[in-house]
Amino acid sequence: MFKNDVIELRQQAFVNGQWLDADAVEEVVNPATGECLGTVPQLNSAQVEACIAAAEQAYYLWREVPVRERCGLLLAWYELIMAERERLARILTLEQGKPLAEALGEITYAASYIQWFAQPSLLDGGATLPYGETPLSMLVVKEPVGVCAAITPWNFPAAMITRKVAPALAAGCTMIVKPAPDTPFTALALAELAQRAGLPAGVLNVITGDAQQVGAQLTASKQVRKLSFTGSTAVGRLLMAQCAPTLKRLSLELGGNAPFIVCADADIEAAVDGAIAAKFRNAGQTCVCANALFIADEVYQPFAERLVEKVQQLRLGSGDQTDVTIGPLINRAALHKVEKLLLDALTKGAKLLCGGKRWQSDANWFLPTVLADASFAMECVQEEIFGPVAPLVRFTDETQLIQQLRQQEAGLAAYVYSQDLKRIQRFARELEVGMVGVNTGLISDAAVPFGGVKASGMGREGGRQGIEEYLETKYIKLSN
Ligand code: ADP
């Protein structure tokens, strides 16, 4: 087990190019052991105001920096992150708990957003319109939105930051990031590398403090023109309401409840592998994680048997130990939620095929669990589980299944396993979600638009679309 005394943790906030302390601090714990890793400052409201002012001042300089120079600085940041990948991954595992191999994967994935958005060509979206009385009299230009704020979650402490910061900075915006209180050290380590890469003061700020207070200040501020939030639907709703008085631009990436559908003609082995990847990655704590698994009657039994076999091969443990494939849940509250959903399912007739209980009472581990005979009446099918529990729902009628899935609140992702093109096209078209994985359990990539519909939020991260979130359109009429 590595200790925090061998990994240097930045325990200060980063504001206007300076490392900042505060009167109060908050502890950060290792979810695998419960030990305190260190503290971060709880910035007071005057410090948060000063940060907003600094980000605004920096904005008017940063937007004038030529695009290629901005992108060059982003690339320098990318290179430093890749060079420090191992150290960053260790910090990530310490505070978040995911296995080191997954943490290394996340750092590479996080860096890939910076590399992607460092392409100047993503910003050449203006136009000259041919409708004026003279040529070149009607111009459409893209401008940065201004000062942006990002409130990010603990499940991907690096990637959820870079997929917001990189497009914002490329576009010419400045950014204030408030990371999750469970995982601030990865964010601060990224800020340190951004500073080393030469980003000017105030362009990227990482602040720590009371979520409600900081959130209220960022959302109320007139200087902050946009909020990008990834987290729960409940907090997303609250922040959207808080942004209403200042009519802020919003990107919201909220809860998911991705159905994982296995049709009668599916390749069962591939579907089981896809289910393991989509369900149990990050101990099930991913917004695009498969939630409930819907299995065609014809293949239900073989799929369930094979899934249980593979699930039983998963190895729980502290993320820094080799061969561990499932780390702890982030905290006690997450553990209690999983237990509550499980109890509801068992009370309503689900049957436990494996797992179903805690592993080692003093930490936040939950055994990977498969539940048979799940149904739409159960909370674990209606709600995002965010834990290593796979409820299996048997289906016979695809039309009915699509109708039932359309009733669900969330609309982030869906997975479909089938060899039949017509079926695939039908599910892909008719499911009301932002992303569909066909015969794959892994869909994310910096080059594609990630995001949801309905209660899963608005806006897209990654792809060409990701930069639009940080740009305004201005029309200019030129007359003689
Ligand atoms: P989860 O339940 O997965 O922790 P949350 O939506 O509570 O997800 O948290 C996501 C992010 O939102 C975290 O950075 C958290 O600190 C922040 N957050 C939680 N509540 C508020 C709030 N009332 N105002 C602003 N930010 C908040």
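A quick note: this is a predicted structure, and the numbers were derived from the prediction, not measured. (Residues numbered from 1 in each chain as written. Predicted model: local features only at pLDDT ≥ 70, side-chain atom pairs only at ≥ 80, totals over all residues. Heavy atoms only, no water.)

*Asks:* Can you help me understand helix 7 (residues 211-220) in this one?
*Replies:* Side chains of residues three or four places apart in an α-helix project in the same direction, reflecting 3.6 residues per turn. Listed as buried for helix 7 are Val214, Gly215, Gln217, Leu218 and Thr219. Buried residues along helix 7 sit against helix 1 (45-62), strand 7 (147-151), strand 8 (174-178), strand 10 (224-230) and helix 8 (233-243). (Buried < 20%, exposed > 50% of the residue type's maximum accessible area, 1.4 Å probe, protein only. Helix = DSSP H or I, 4+ residues; strand = E, 2+ residues; numbered from the N terminus. Contact = heavy atoms within 4.5 Å.)

*Asks:* So what exactly am I meant to see when it comes to the packing of aromatic side chains here?
*Replies:* Each pair of aromatic rings is reported with the distance of its centres and the angle of its planes. Under the definition given, this model contains eight aromatic pairs. Seen from their ring centres, phenylalanine 14 and tryptophan 19 are 4.6 Å apart, and the 40° between their planes marks the pair as tilted. Here the two residues phenylalanine 14 and tryptophan 19 agree in accessibility, since each one is buried. Between the aromatic rings of tryptophan 359 and tryptophan 365, the centroid separation amounts to 5.2 Å while the plane-to-plane angle is 85°, which identifies the pairing as edge-to-face. By relative accessible area, tryptophan 365 is classed as buried at 4%. Geometry around tryptophan 19 places arginine 10 over its ring, the cationic atom sitting 4.1 Å from the centre. (Phe/Tyr/Trp six-rings, centres within 6.5 Å; stacked < 30°, edge-to-face > 60°. Lys NZ or Arg CZ within 6 Å of the ring centre and 35° of its normal.)

*Asks:* Explain helix 4 (residues 100-117) here, please?
*Replies:* Its 18 residues place the ends of helix 4 26 Å apart at the C-alpha level, agreeing with the 26 Å of an ideal helix rising 1.5 Å per residue. Every buried residue of helix 4 is accounted for by Leu100, Ala103, Leu104, Glu106, Ile107, Tyr109, Ala110, Ala111, Tyr113, Ile114 and Phe117. Each element contacted by the buried residues of helix 4 is listed here: helix 2 (67-83), helix 3 (85-96), helix 5 (159-171) and helix 15 (465-468). (Expected span 1.5 Å × (residues − 1).)

*Asks:* Please explain the pairing of strand 16 (residues 389-395) as it appears in this structure.
*Replies:* Regular strands show a simple pattern: their side chains alternate between the two faces of the sheet. When you tally the buried positions in strand 16, you get six out of seven residues, the bulk of the element. In this structure, strand 15 (residues 369-372) lies alongside strand 16, joined through three bridges in parallel fashion. Looking at strand 16, one finds that leucine 371 is bridged to proline 391. (Pairing = 2+ DSSP bridges.)

*Asks:* Would you take a moment to explain the sheet that holds strand 20 (residues 471-477) for this structure?
*Replies:* Strand pairing in a sheet is mediated by backbone hydrogen bonds. Such pairs are either parallel or antiparallel. An order of 5-6-20 is seen for the three strands of this open sheet, with the pairing classed as antiparallel. Looking at strand neighbours, the two that pair on one side only are strand 5 (127-129) and strand 20, the edges of this open sheet. The mean inter-strand angle of the sheet, taken between neighbouring strand axes irrespective of direction, is 25°. Here three bridges tie strand 5 to strand 6 (residues 138-144), and the two strands are oriented antiparallel to one another. By the bridge assignment for strand 6, threonine 128 is matched with leucine 139. (Axes fitted to C-alpha atoms, helices over the stretch in contact; angles between N-to-C directions.)

*Asks:* What am I meant to see in the site of the ligand here?
*Replies:* The immediate surroundings of the ligand are formed by 17 residues, with Thr152, Trp154, Lys178, Pro181 and Ser232 found nearest. With respect to the ligand, the side chain of tryptophan 154 contributes an N or O atom lying 3.0 Å from an oxygen atom. Here an oxygen atom of the ligand and a side-chain polar atom of lysine 178 are 3.0 Å apart. Protein chains shield 77% of the accessible area of the ligand, which is 550 Å² for the free molecule. The residue inventory of the shell around the ligand, partitioned by class, reads ten nonpolar, six polar and one charged. (Near = heavy atom within 4 Å. Polar contact = N/O pair within 3.5 Å; in protein donor to acceptor, adjacent residues only side chain to side chain. Areas by Shrake-Rupley, 256 points an atom, 1.4 Å probe, with all protein chains shown as cover. Nonpolar A, V, L, I, M, F, W, Y, C, P; charged D, E, K, R; others polar.)

*Asks:* So what exactly am I meant to see when it comes to the pairing of strand 13 (residues 290-296) here?
*Replies:* Counting buried positions along strand 13 gives seven out of seven residues, so the element sits mostly inside the fold. Of the pairings in the sheet, the one linking strand 12 (residues 258-262) to strand 13 comprises four bridges and is parallel in character. Bridging across to strand 13, valine 262 finds its partner in isoleucine 295.

*Asks:* I'm lost on the UniProt feature "active site" (unreviewed entry) in the protein chain in this one. Help?
*Replies:* Residues annotated by UniProt as "active site" (unreviewed entry) correspond here to Glu253. One can find glutamate 253 in strand 11 (residues 249-253). (UniProt positions renumbered as here; feature names shortened; annotations may be inferred.)

*Asks:* I would appreciate a short explanation of the sheet that holds strand 17 (residues 413-417) in the present structure.
*Replies:* Spatial ordering of the open sheet is given by 14-15-16-13-12-17-18, a layout of seven strands whose pairing is mixed. Strands at the two margins of the open sheet, each flanked by one partner only, are strand 14 (351-354) and strand 18 (435-438). Taken pair by pair, the neighbouring strands of this sheet meet at an average axis angle of 25°, ignoring direction. Note that strand 12 and strand 17 share three bridges and pair parallel. In the strand pairing of strand 17, phenylalanine 260 is matched with tyrosine 415. Against the sheet, helix 10 (residues 297-311) engages strand 12, strand 13, strand 14, strand 15 and strand 16, with an angle of about 135° to strand 13. Contacts between helix 11 (residues 332-347) and the sheet are confined to strand 14, strand 15 and strand 16, with strand 15 contributing the most and set at about 25° to the helix.

*Asks:* I would appreciate a short explanation of the packing of helix 2 against helix 4 in the present structure.
*Replies:* When two helices pack together, their arrangement is given by the angle between the helix axes and by the axis-to-axis distance. At a minimum axis separation of 8 Å, helix 2 and helix 4 run at an interaxial angle of 165°. When the axis of helix 2 is compared with that of helix 4, the two are roughly antiparallel. Here helix 2 and helix 4 pass one another in a crossing that is left-handed. Facing helix 2, whose interface residues are Cys71, Leu74, Leu75, Trp77, Tyr78, Ile81 and Met82, helix 4 presents Ile107, Thr108, Ala111, Ser112, Ile114, Gln115 and Phe117. (Parallel < 35°, antiparallel > 145°, perpendicular 65-115°, else oblique. Left-handed = near helix turned anticlockwise from the far one by under 90°.)

*Asks:* Quick question: what am I supposed to make of the nonpolar core here?
*Replies:* Side chains that are nonpolar tend, in soluble globular proteins, to be buried together. If you look at the biggest cluster of nonpolar residues, it comprises 78 residues, and the most contacted ones within it are Ile261, Leu293, Phe294, Phe303 and Leu307. When residues are assigned to domains, this core turns out to be shared by domain 1 (13-255 + 457-477) and domain 2 (258-409 + 413-445), each giving three or more. If we skip the residues at most four places from it in the chain, isoleucine 261 touches Phe294, Phe395, Leu401, Leu405, Tyr415, Val416, Tyr417, Phe427 and Leu431. Among the nonpolar cores identified, the runner-up in size contains 69 residues, and Ala58, Ala89, Val145 and Tyr470 belong to it. (Core = buried A, V, L, I, M, F, W, Y, C linked by side-chain atoms within 4.5 Å. Domains from an automatic or database assignment.)

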